[in-house]
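# Architecture and fold: a report
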Amino acid sequence: MLLQVDLTQPKVLPADSLKQATQTMLSQLQSDPETFWHTALQSMTTFGLKVLAALLIYIIGSWLIGRVRKMLQRSFKRRNTDRAIASFTTSAVSISLTVLLIIITVSTLGVDTTSLAALLAAGGMAIGMALSGTVQNFAGGIMLLVFKPFKAGDFINAQGISGTVMEVNITATKVLTTDNRVVILPNGALSNGTIDNYSARPLRRVDWSVSVAYGSDADGCKQAIQELLAADKRVLQADTNTDELYKEFDTTKFQLATTGYKMDAIPAPFVALSSLNPSDITFVVRAWVRAQDYWDVYFSMNQTFYTELPKRGYQFAYPHVDVNMLKEGA
């Protein structure tokens, strides 16, 4: 009986089986060399054609993957897509297509890819379990990059940290605090928590609480506060032209540039008596300013209230006790 040599289906044989197959081939070569070489040549030709087909598939597939990569890059550039999203998406598509191409190329050679696919699945599961926290941050980064609750340059408060966003990458966000510290926030917790973005809108409302002593003229104090607010040009008034005001801002820097972005009218500065306290009365004061003027106006008006109101006869209250002493025998 002649041994049929099939090189198209490579198999890994145990040492004993390989030794026995080698002895059988040598025996056939000695007994019937013409049939042996004919069968070997036919098998090698078939296997060579498969190798050639696999090479062609790999070369053409690599070229197509390169074309898809360039098309994605051009598309993202044309749409001004965030660099992190564009880079991540392009890499993910490229890697996925490359893995698929390798599997197709290997299967063209006649190798059973079922075990290879199972190995890749098991490896992916093991890596996912080992890097569960990283995967959570990775998913959070995608959510932040897609929905963009903030961007680089925005001042935010999140996870108990307040500061300016320096960089948003796929796993973490760098924030520069007001005391010049760099805090790295994991995107997993950041995307699932509350984010207070102070830079999302071009206008902000400033609130003050002003307390004066009992006996003060409430209407007169309200009028005095209104006059102090009107004297500061940074405080926006009700007659502010909103069309002219919004021309100052670059709408691309703010959230919701087309819906809910503009205020039809600026509310007038508001002053009202809010509470009667044991030692004083308190007025609530509200006014609208440009976002970049918020803290300057807040601190400046605090000082103005402190220095100007007493000059107009409105004294600030403080806890005190009146003691009346009676003369003996009175």
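Residues numbered from 1 in each chain as written. Predicted model: local features only at pLDDT ≥ 70, side-chain atom pairs only at ≥ 80, totals over all residues. Heavy atoms only, no water.

Helix and strand content of the chain: nine helices and eight strands. Put simply, the chain has 330 residues, and 27% of those count as buried. Of the contacts made within the chain by residues no fewer than 6 positions apart, 66% connect residues no fewer than 24 positions apart. In the structure as shown, the chain presents an accessible area of about 21,800 Å², 59% of it carried by carbon and sulfur atoms. (Helix = DSSP H or I, 4+ residues; strand = E, 2+ residues; numbered from the N terminus. Buried < 20%, exposed > 50% of the residue type's maximum accessible area, 1.4 Å probe, protein only. Contact = heavy atoms within 4.5 Å. Areas by Shrake-Rupley, 256 points an atom, 1.4 Å probe, with all protein chains shown as cover.)

Let us look at a positive patch on the surface. On the surface, Arg67, Lys70, Arg74, Arg78 and Arg79 cluster together into a positively charged patch. Tracing the backbone shows Arg67 in helix H2 (residues 33-78). Taking the relative accessible area as the measure of exposure, Arg67 reaches 42% and is therefore partly exposed. (Patch = residues over 30% accessible without salt bridge, like charges linked within 9 Å, V, L, I, M, F, W, Y side chains within 5 Å. Salt bridge = Lys/Arg side-chain N within 4 Å of Asp/Glu carboxyl O. Lys, Arg positive; Asp, Glu negative; His and termini not counted. Charge placed at Lys NZ, Arg CZ, Asp CG, Glu CD.)

Further remarks concern the environment of Asn157. Tracing the sequence through the fold places Asn157 in strand E1 (residues 155-158). By relative accessible area, which is 26% here, Asn157 ends up partly exposed. Along the sequence, Asn157 and Asp196 sit 39 residues apart, while their C-alpha atoms lie 5.0 Å from each other. Apart from the residues lying within four places of it in its own chain, the contact partners of Asn157 are Ser162, Thr194, Ile195, Asp196 and Tyr198. Separated by 3.3 Å, the side chains of Asn157 and Ser162 make a polar contact. (Polar contact = N/O pair within 3.5 Å; in protein donor to acceptor, adjacent residues only side chain to side chain.)

On to the confidence of the model for the chain. Of the residues in the chain, 77% have a pLDDT of 70 or more, and the chain-wide mean is 81. Segment residues 1-15: pLDDT under 50, and 25 contacts once partners within four positions in sequence are set aside and those in other chains are kept. (pLDDT = per-residue confidence, 0-100.)

What follows concerns the packing of aromatic side chains. For the coordinates displayed, the defined rule picks out eight aromatic pairs. Residues Trp208 and Tyr298 carry aromatic rings whose centres are separated by 6.4 Å and whose planes lie at 10° to one another, so their mutual orientation is stacked. One end of the pair, Trp208, is in strand E6 (residues 203-212); the other, Tyr298, is in helix H9 (residues 294-308), and 90 residues separate them in sequence. Among the residues examined, Trp208 registers a relative accessible area of 3% and is labelled buried. For Tyr298, a relative accessible area of 24% gives the class partly exposed. (Phe/Tyr/Trp six-rings, centres within 6.5 Å; stacked < 30°, edge-to-face > 60°.)

Our focus in this paragraph is the environment of Thr307. Relative to the helices and strands, Thr307 is located in helix H9. Looking at Thr307, the relative accessible area reads 33%, which means it is partly exposed.

Inspection of the sheet shows E1 paired to strand E2 (residues 161-168) by four bridges, in the antiparallel sense. Note on E2: the bridge partner recorded for Phe155 is Thr164. Joining the antiparallel neighbours E1 and E2 is a turn of two residues, in which Gln159 adopts a positive phi near 55°. Note that E2 and strand E3 (residues 172-177) share five bridges and pair antiparallel. (Pairing = 2+ DSSP bridges.)

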